[in-house]
Structures are given as structure tokens and as C-alpha cells.
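Given next are the chains, with one letter for each unit.
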Amino acid sequence: GIKSSVLNGLIQQKLVLNASEQMGFVVSLDEVKAEIKNLPYFKTNNVFDVNLYRNVLQSNGYLPTQFEDLVSNDLKQKKVDELFNST
């Protein structure tokens with residue numbers, strides 16, 4: 001059940017990321033920063049708060065570079081999804 005579902009999800013995610021790299025999809029650092037700044041859980045009074053960002057990452061055991069890699073991978077997956085959904 002759950003283990004199989006999680007494993008299938010991870011495999012699918014890796015396949016999509018590999019496909020995005022083969023298709024030449026690139027995510028710039030500016031795109032990653034913009035995506036992070038738009039995430040609501042890093043905002044105070046609807047404005048990006050760098051201290052909140054650092055604190056949330058630290059309390060969840062992430063370095064900023066690790067989180068940026070995750071966001072970059074998510075953006076690559078979105079680009080692949082958009083490609084397949086536009087056809």
C-alpha cells in the first residue's frame with residue numbers, strides 16, 4: 001500500500017527530472033528565488049521575510065541550498081507538466 005505508493009511516486013519524480021534534463025529544461029536562480037519569495041509560509045504581513053525563511057528551514061533541518069534544489073526540481077517538473085498538458 002503506502003510504501004509502494006511512495007516508492008512509485010519517487011520513481012516517477014526521478015523519471016520526470018531526468019526527462020526535463022534530457023529536454024534541456026533549465027531553471028535559473030532568479031526563477032528559484034522568485035518562487036521562494038512567493039511562498040506564503042515565508043511571508044510576514046504578506047512580504048517575504050528572510051529571517052522567517054532561515055528559521056523555518058533551520059527548524060526543518062534544511063540548508064538554503066538544499067531547499068533551493070528542491071524548489072528547482074519542482075519548477076522543472078512544472079515545466080514538463082506544462083509541456084505534456086499543452087499538447
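Relevant structure appears above.
Just so you know, these numbers come straight off a predicted model, no measurement behind them.

Asks: Whenever I open this one, the packing of aromatic side chains confuses me. Can you help?
Replies: Two aromatic rings, taken as a pair, are described by how far apart their centres are and by the angle between their planes. All chains considered together, the criterion is met by six aromatic pairs. Here phenylalanine 42 and tyrosine 53 contribute two aromatic rings whose centre-to-centre distance is 4.9 Å and whose plane-to-plane angle is 85°, an arrangement assigned as edge-to-face. Of this pair, phenylalanine 42 sits in the loop between helix 2 (29–38) and strand 1 (43–44) while tyrosine 53 is found in helix 3 (residues 50–59), placing the two residues 11 residues apart along the sequence. Of the two residues, phenylalanine 42 and tyrosine 53, neither departs from the other in class, the shared state being buried. Each member of the aromatic cluster is reached from another via a ring pair, and the members are Tyr41, Phe42, Phe48, Tyr53, Tyr62 and Phe67.

Asks: Teacher, can you tell me more about a nonpolar patch on the surface here?
Replies: On the surface, Ile2, Val6 and Leu10 cluster together into a nonpolar patch covering about 320 Å² of accessible area. Take leucine 10: it is sitting in helix 1 (residues 2–22).

Asks: Could you clarify how one ought to interpret the nonpolar core in this entry?
Replies: One broad trend across soluble globular proteins is that nonpolar side chains are buried collectively. Val27, Val32, Ile36, Leu39, Phe42, Tyr53, Leu57, Phe67, Val71 and Leu75 together form the largest nonpolar core, which totals 10 residues. Counting residues per element, the ones that place at least two in this core are helix 2, helix 3 and helix 4 (64–85). For this core, the element with the most residues is helix 4, which contributes three residues. Leaving out residues up to four positions away in the same chain, isoleucine 36 has contacts with Phe42, Phe48, Tyr53, Phe67, Glu68 and Val71.

Asks: I would appreciate a short explanation of the side chain of serine 72 in the present structure.
Replies: Within the secondary structure, serine 72 sits in helix 4. Given a relative accessible area of 13%, serine 72 falls into the buried group. Every residue in contact with serine 72, bar those within four places of it in the chain, is listed here: Val27 and Val32.

Asks: Can you help me understand unusual backbone geometry in this one?
Replies: Across residues other than glycine, the phi torsion is negative in most instances, and most of the peptide bonds are trans. Of note, asparagine 45 is a non-glycine position whose phi angle comes to about 55°, a positive value. Locating asparagine 45 in the fold gives a position in the loop between strand 1 and strand 2 (47–48). Backbone geometry at asparagine 46 places phi at a positive 65°, although glycine is not the residue there. Following the sequence through the fold, asparagine 46 ends up in the loop between strand 1 and strand 2. With relative accessibility at 67%, the residue asparagine 46 sits in the exposed group.

Asks: Explanation requested: helix 1 in the structure shown.
Replies: An α-helical turn contains 3.6 residues, so a residue and the one three or four places further along point in the same direction. When the terminal C-alpha atoms of helix 1 are compared, their 30 Å separation across 21 residues agrees well with the 30 Å that a helix rising 1.5 Å per residue should span. Every buried residue of helix 1 is accounted for by Val16, Leu17 and Ser20. The buried residues of helix 1 occupy one face: seen down the axis, they fall within an arc of 100°. Pointing more than 90 degrees away from the buried face of helix 1 are the exposed residues Lys3, Lys14, Leu15, Glu21 and Gln22. In the core, the buried residues of helix 1 are packed alongside helix 4. Looking at the residues trailing helix 1, positive phi occurs at glycine 24, about 80°.

Rules used throughout
- Residues numbered from 1 in each chain as written.
- Predicted model: local features only at pLDDT ≥ 70, side-chain atom pairs only at ≥ 80, totals over all residues.
- Heavy atoms only, no water.
- Phe/Tyr/Trp six-rings, centres within 6.5 Å; stacked < 30°, edge-to-face > 60°.
- Helix = DSSP H or I, 4+ residues; strand = E, 2+ residues; numbered from the N terminus.
- Buried < 20%, exposed > 50% of the residue type's maximum accessible area, 1.4 Å probe, protein only.
- Patch = residues over 30% accessible without salt bridge, like charges linked within 9 Å, V, L, I, M, F, W, Y side chains within 5 Å.
- Areas by Shrake-Rupley, 256 points an atom, 1.4 Å probe, with all protein chains shown as cover.
- Salt bridge = Lys/Arg side-chain N within 4 Å of Asp/Glu carboxyl O.
- Core = buried A, V, L, I, M, F, W, Y, C linked by side-chain atoms within 4.5 Å.
- Contact = heavy atoms within 4.5 Å.
- Expected span 1.5 Å × (residues − 1).
- Arc of directions from axis to C-beta.

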